[in-house]
Amino acid sequence: MIVDISARFIQFSSSGGDTLPTDEPQTAGTEIFLVGGPAELPPTWRLPPGQEDATEVTVPHLNKNEHFARTARTQAVAGGRELAVFAWSHSTAIAE
C-alpha cells in the first residue's frame, strides 16, 4: 500500500524521558509511519531532526497522549521511500 505523506513533527522519547511538544507542519526531520491508535491521526509524521533513532514516540491527541513503539517493519510510501513503522501501544491522560 502506498500512502501520501503529511509531514509533522511529533513528541518523541528515546529513553522514556524528554519530549518536544509540537505538531506544526515541518519539512525537516525523519518521516515515520504510524499504525494503530485513533483513526483521526494521519498515518505519517516527522521526528524532530536528530531523533532518527527514537524507539518511542508520543503524539498529543485531544485530551490524551498516544504512544507508539518502533517495530522492525517498514512501509512503502509515495516516491518509493520506505518509512520505519511505529505501532500504537497505549494512551495516557495529559497531565494538567
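Draft legend 1. Representation of the pattern of salt bridges in the model. Overall, the coordinates contain two salt bridges when judged by the stated rule. Measuring nitrogen to oxygen at the nearest pair gives 2.9 Å for the salt bridge that ties R46 to E31. Of this pair, R46 sits in strand β3 (residues 44-46) while E31 sits in strand β2 (residues 31-35), and the two are 15 residues apart along the sequence. Taken individually, R46 and E31 each receive the classification buried, so the pair is uniform in this respect. In this structure, the salt-bridge partner of E31 is R81, at a minimum N-O distance of 2.5 Å. Pair noted here: E31 is in strand β2 and R81 is in strand β6 (residues 81-93), with a separation of 50 residues, a long-range link. For E31, a relative accessible area of 12% puts it in the buried group.

Draft legend 2. The nonpolar core, seen in detail. With eleven residues, the main nonpolar core is built from I32, L34, L41, W45, L47, A54, V57, V59, F68, A84 and F86. Counting residues per element, the ones that place at least two in this core are β2, β4 (56-61) and β6. When neighbours within four sequence positions are excluded, L34 is seen to be in contact with P42, P43, W45, V57, V59, F68 and F86.

Draft legend 3. Summary view of the pairing of β6. Alignment of β2 against β6, held across four bridges, turns out to be parallel. By the bridge assignment for β6, I32 is matched with A84. With eleven bridges joining them, strand β5 (residues 64-77) and β6 adopt antiparallel strand pairing. Along β6, the bridge assignment pairs N65 with T92. The turn linking β5 back onto β6 is made up of three residues, and G79 within it adopts a positive phi angle of 90°.

Draft legend 4. Geometry of the environment of S89. Here S89 lies in strand β6. Each C-alpha atom, one on S89 and one on F68, is 5.3 Å from the other, the two residues being 21 residues apart in sequence. Discounting chain neighbours no more than four positions away, the residues touching S89 are H67 and F68. Of note is the side chain of S89, whose polar atom sits 3.0 Å from the side chain of H90.

Rules behind the numbers
Residues numbered from 1 in each chain as written. Predicted model: local features only at pLDDT ≥ 70, side-chain atom pairs only at ≥ 80, totals over all residues. Heavy atoms only, no water. Salt bridge = Lys/Arg side-chain N within 4 Å of Asp/Glu carboxyl O. Helix = DSSP H or I, 4+ residues; strand = E, 2+ residues; numbered from the N terminus. Buried < 20%, exposed > 50% of the residue type's maximum accessible area, 1.4 Å probe, protein only. Core = buried A, V, L, I, M, F, W, Y, C linked by side-chain atoms within 4.5 Å. Contact = heavy atoms within 4.5 Å. Pairing = 2+ DSSP bridges. Polar contact = N/O pair within 3.5 Å; in protein donor to acceptor, adjacent residues only side chain to side chain.

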